[in-house]
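# Coordinate inspection notes
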Amino acid sequence: MDIPKIFTTKEDIANWSIRRKEILKLFEDNIYGKIPDVSFDLEEFGRCEHLSLENGYFKDVYRLWICRNSKMCGLSVELFYKKSSEPLPSVFIVDPFSNNPYIRPSALERLRIMDQNWYIASQGYICVCVHVDEICFDDPDRYKWGFFELLDKDDNNPTSAISVWAWAVERVRKHLESNPIFDKSRMIVSGCSRAGKTALWCGANFEGFTGVFASVSGCTGAAMHRGKTGERIADITKQFPHWSCPKYAEYAGKEESLPVDQHMLLSLIAPRPLYISSASEDDWACPKKEFESCVLAGEAYRALGKRGLASEEFPETNSPIIGGDIQYHIRKGPHGIYMYDWEQVIPFFNREYS
Ligand code: GTR
């Protein structure tokens, strides 16, 4: 099986910034569509709530508004953090789930996620939840409500929900980076499942994110296409056609002919620290192929003077492979993101940033 290469010539290594752009363009043209590139008549970002809680914890709510051609849309952002005299590292959480009527989390699930947000805050990080589906709905029939209505017909901006979500998280990062509570050199983008795919695409495009974490991102995320089991291009483009550009569907059943594979997406995050996690009961995402992608992306990390995965042997469940600039674990349990995942991820970034 021929796997497309990160580096095709020696020059690709020497001229990584050029090769990087070529790879990015291949993903844009064949999978994720263009990241929006438009200017707005008005773009506002401001804090609308500040809650001071017990023990020096805070919760803030910000809103981003964009306005163009007399139309506007916006999204909300929640920050969870602990008082500090120093600028703090941050974890941005791509959240396309909270407003989705099909998969809206139950009250219990919300509490579980809230616990994770506060855990991240307790570790000295600012947890920034970006509710991206408020700007671009996660539904094939309705994703063009909101953001897309602001575009002109001739904007030549074919894109996808994942590209709009990735762009929106970057806009929020850009607004927050000048806020003195943020340490600009330690800003991580993260997400679970469809949001994990988005976090990878966002990190690949926007180098202001200095670390990336994707959990159970599977097909169109960390998992290699070639040889993958579980969800494949045919499944994902049928159920979620709005996540990718129209061309992607042409590769359904023809994964071999894709000019890229997902290890090349991970390579675009190098040399920045990268965490990929899987779950043992998540065959649909195909943990072995998520792992393989990490192994292969190591080539880019090494070429840039960093370390890839510390071991190339598929690990036992709940045994993270520690010691590389890419870290991987497979958690025992179902698809989703759990406290166990964060308990491995935060120490990894602490080590990387120390
Ligand atoms: C699944 C989908 C995956 C993943 C997941 C999610 O049904 O097939 O690709 O994105 O949903 O986001 O929860």
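Refer to the preceding data block for the structure.
Thresholds applied
- Residues numbered from 1 in each chain as written.
- Predicted model: local features only at pLDDT ≥ 70, side-chain atom pairs only at ≥ 80, totals over all residues.
- Heavy atoms only, no water.
- Near = heavy atom within 4 Å.
- Polar contact = N/O pair within 3.5 Å; in protein donor to acceptor, adjacent residues only side chain to side chain.
- Areas by Shrake-Rupley, 256 points an atom, 1.4 Å probe, with all protein chains shown as cover.
- Nonpolar A, V, L, I, M, F, W, Y, C, P; charged D, E, K, R; others polar.
- Axes fitted to C-alpha atoms, helices over the stretch in contact; angles between N-to-C directions.
- Helix = DSSP H or I, 4+ residues; strand = E, 2+ residues; numbered from the N terminus.
- Parallel < 35°, antiparallel > 145°, perpendicular 65-115°, else oblique.
- Left-handed = near helix turned anticlockwise from the far one by under 90°.
- Contact = heavy atoms within 4.5 Å.
- Buried < 20%, exposed > 50% of the residue type's maximum accessible area, 1.4 Å probe, protein only.

## Quick notes on the site of the ligand
Near the ligand you find Ser-193, Arg-194, Lys-197, Glu-231, Ile-236, Phe-240, Trp-243, Trp-284 and His-335, and these make up its full shell. A distance of 3.0 Å separates an oxygen atom of the ligand from a polar side-chain atom of Trp-284. Taking His-335, its side chain carries an N or O atom lying 3.5 Å from an oxygen atom of the ligand. Notes on the ligand: free accessible area 320 Å², of which the protein chains cover 82%. Considered class by class, the residues forming the shell around the ligand number four nonpolar, two polar and three charged.

## A look at the packing of helix H3 (residues 107–122) against helix H9 (residues 339–353)
One can describe the packing of H3 onto H9 by two numbers: an axis separation of 10 Å at closest approach and a directional angle of 20°. Relative to H9, the element H3 is oriented roughly parallel. Note on packing geometry: the crossing formed by H3 with H9 is right-handed. Along the contact surface, H3 presents Asp-115, Gln-116, Tyr-119 and Ile-120, while H9 presents Met-339, Trp-342, Glu-343 and Ile-346.

## Things to note about the side chain of Ser-190
When you line up the elements, Ser-190 lands in strand S6 (residues 182–192). For Ser-190, a relative accessible area of 1% puts it in the buried group. Filtering out sequence-adjacent residues up to four positions away, Ser-190 remains in contact with Val-91, Phe-92, Ile-93, Val-94, Ala-199, Phe-213 and Trp-342.

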